[in-house]
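Each chain, written out:
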Amino acid sequence: MHPAGAAAAGTPRQRKWPSKRRIPVSPPGMADPHQLFDDTSSAQSRGFGAQRGPGGLGYPAAAASPQEAFLADPVSNMAMAYGSSLAAQGKELVDKNIDRFIPVTKLKYYFAVDTMYVGKKLGLLFFPYLHQDWEVQYQQDTPVAPRFDINAPDLYIPAMAFITYILVAGLALGTQDRFSPDLLGLQASSALAWLTVEVLAILLSLYLLTVNTDLTTIDLVAFLGYKYVGMIGGVLMGLLCGKIGYYLVLGWCCVSIFVFMIRTLRLKILAEAAAQGVPVRGARNQLRMYLTMAVAAAQPLLMYWLTFHLVR
Amino acid sequence: MAFTLYSLLQAALLCVNAIAVLHEERFLKNIGWGTDQGIGGFGEEPGIKSQLTNLIRSVRTVMRVPLIIVNSVAIVLLLLFG
C-alpha cells in the first residue's frame, strides 16, 4: 500500500507512518526502490504523492526522491532509461508474437464471465433438468460472450474447478495421513493426462465420423472440464460424511453431468433434425448419437476413477 | 495411479511409431486399406474406412522425418535416465 498515496487523504495519517517505516538511509544520490514508500516528510514528495496514487508502481526514483538526486547521477539515469526502453521493446516483441502460439484473443472470449453467469452455470451443472433452451445465441456469426448467454462454454469454471480439485485432493490425502507434496503434482498430472486423452479421442472420433461442427478444441476442453465441479462436490461430501455421502453426491453429480453433456453436445454434434428430438434414420446419425452417448458416459466413469482413491 | 503426462507422451510416441511401420505394399494393400483402393465418389460423405485410410496415409507422410528425430531423442534419454 502506498503511504504516499494516502498523502492526499490527510496529514494525520502521514505523520503516523514515517515512525513505523524504516528511516531512509540512502544518500540523496541513490535510486533506491524503497523511496517509493518512505520519506513522506519532504514537501516535494508530498506533492508527488497525490499524482502517484493512481500511478502505481511506476518509476520509483523519478517520483519519490528529490529531483536533484536524479540529475546528480546521470549514469543511473541513463541506465534506467536504457533498461526501460529494452523492456518496452521486449514487451512489444512478445505482444506481437504471442498470438502465434497461444490464441490470446480467442481465449479472452472464454474468460468473459461475471458472477451471475458463474452462479447460474454452477446451478445448471448440478441441476440441468429444468433448463429448456440449450442453444447458444449468436450475434452476427460470432457466439455471444458467456457473460450474456448461459449456454456458452467458458474456461473460467473448468480452470478454477481443476485447481480446486487438486487442492481438495491434497486436503483429502492430508486427512488420511497420506499426503506428500509430490502427490499433488501427480494428481494434477494424472487429471491433465486424462483430459488430454479425452480431447484427443473425441477429436479423432469427430474426424472419423466427418461431423461438420463448430465445436472447437477449446470448446471441447471447456465442456470436459465441467466434470471437475462434480468431483469436488463428491470429495468434499466424502470428507464430511464418509463413504455414504461421497457416493450419494457423486451419483447425483454423475447423472447431472450425463444429462448436461447429452443436452449440450446433441446440439453441436447431431444434425439439426435430430437435435429437435425427432429420431432421424440413417447410419450417420446413429453413429453420431452413439458418439454423444459415449462422451457423456465417459464423464461419470472418469469422475469416479479420479476420486475414489481419495475417499476412504 | 501413475498416469502422468510423460507416460502419455511415451504412449503417443509408440502409437505413432506403430502407424509409421505399416507397410503400404505388403500389408495395407492385402487387407484392402491401400490408399488407391476405392476412395469413393465426390457427392457422398466418405465412410469411416476411407477416413481411416486417409489418416494412416497422412500420418505416415507427415511424421516420417520428425519421428526419426523424436525417436533418437527418446532413445538417448532412455539410455541415460532409464
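The rules we used
- Residues numbered from 1 in each chain as written.
- Chains lettered and ligands numbered in written order.
- Predicted model: local features only at pLDDT ≥ 70, side-chain atom pairs only at ≥ 80, totals over all residues.
- Heavy atoms only, no water.
- Helix = DSSP H or I, 4+ residues; strand = E, 2+ residues; numbered from the N terminus.
- Buried < 20%, exposed > 50% of the residue type's maximum accessible area, 1.4 Å probe, protein only.
- Contact = heavy atoms within 4.5 Å.
- Areas by Shrake-Rupley, 256 points an atom, 1.4 Å probe, with all protein chains shown as cover.
- pLDDT = per-residue confidence, 0-100.
- UniProt positions renumbered as here; feature names shortened; annotations may be inferred.
- Expected span 1.5 Å × (residues − 1).
- Axes fitted to C-alpha atoms, helices over the stretch in contact; angles between N-to-C directions.
- Parallel < 35°, antiparallel > 145°, perpendicular 65-115°, else oblique.
- Nonpolar A, V, L, I, M, F, W, Y, C, P; charged D, E, K, R; others polar.
- Core = buried A, V, L, I, M, F, W, Y, C linked by side-chain atoms within 4.5 Å.

K.L.:
What exactly am I supposed to notice about the overall build of chain A here?
P.N.:
Each helix and strand counted, chain A has 13 helices and two strands in total. Taken over 312 residues, chain A has a buried fraction of 38%. A fraction of 70% describes how many contacts in chain A between residues 6 or more apart in sequence connect residues 24 or more apart. Summing over all exposed atoms, chain A offers an accessible surface of approximately 17,700 Å²; the carbon and sulfur share of this is 67%.

K.L.:
Looking at this structure, I do not really get the confidence of the model for chain B. What am I missing?
P.N.:
Caution applies to low-pLDDT regions: their predicted coordinates should not be interpreted in detail. When pLDDT is averaged across chain B, the result is 84; 88% of the residues are at 70 or more. In the model output, the complex is listed with pTM 0.71 alongside ipTM 0.86.

K.L.:
Looking at this model, I keep getting lost on the UniProt feature "transmembrane region" (unreviewed entry) in chain A. Mind explaining?
P.N.:
Residue and element names in this part refer to chain A. In this structure's numbering, the residues bearing the UniProt feature "transmembrane region" (unreviewed entry) are residues 155-174, 186-208, 220-240, 246-266 and 287-306. Span residues 220-240 is 95% helix and 0% strand, its end C-alpha atoms 32 Å apart. Strand forms 0% of residues 287-306 and helix 100%; the C-alpha atoms that close the span are 28 Å apart.

K.L.:
Honestly, helix α9 (residues 181-208) of chain A in this entry has me stumped. Any pointers?
P.N.:
Counting along an α-helix, one turn takes 3.6 residues, and residues three or four places apart therefore face a common direction. Its 28 residues place the ends of α9(A) 41 Å apart at the C-alpha level, agreeing with the 40 Å of an ideal helix rising 1.5 Å per residue. Those residues of α9(A) lying buried are Q187(A), A188(A), S189(A), S190(A), A191(A), A193(A), L195(A), E198(A), V199(A), I202(A), L206(A) and L208(A). Where α9(A) is buried, its residues meet α8 (156-175), α10 (217-225), α11 (227-269) and α13 (283-307) of chain A together with α1 (5-20) and α3 (48-62) of chain B. Phi for T210(A), located one or two positions after α9(A), is positive at around 45°.

K.L.:
Where do I start with the packing of helix α7 (residues 115-126) of chain A against α11(A) in this structure?
P.N.:
Relative orientation and spacing of two packed helices are given, respectively, by the angle between their axes and the distance between those axes. Residues and elements named next belong to chain A. For the pair α7 and α11, interaxial distance at closest approach is 7 Å and the crossing angle is 90°. As judged from the angle between their axes, α7 and α11 are roughly perpendicular. The residues of α11 that touch α7, namely those facing K121, L122, L124, L125 and F126, are V229, W252, C253, S256, I257 and F260. For the contact of α7 with α11, the residue count by class is nine nonpolar, one polar and one charged.

K.L.:
Quick question: what am I supposed to make of the nonpolar core here?
P.N.:
Residues and elements named next belong to chain A. Core analysis: the biggest nonpolar cluster contains 51 residues, and Y165, Y226, Y228, M261 and L310 have the highest contact counts within it. Considering every element that reaches this core, the biggest residue donor is α11, with 15 residues. Setting aside chain neighbours within four positions, we find M261 in contact with F223, L224, R266, V295, A296 and Q299. Ranked by size, the runner-up nonpolar core spans eight residues in total, among them Y109, A112, A145 and A222.

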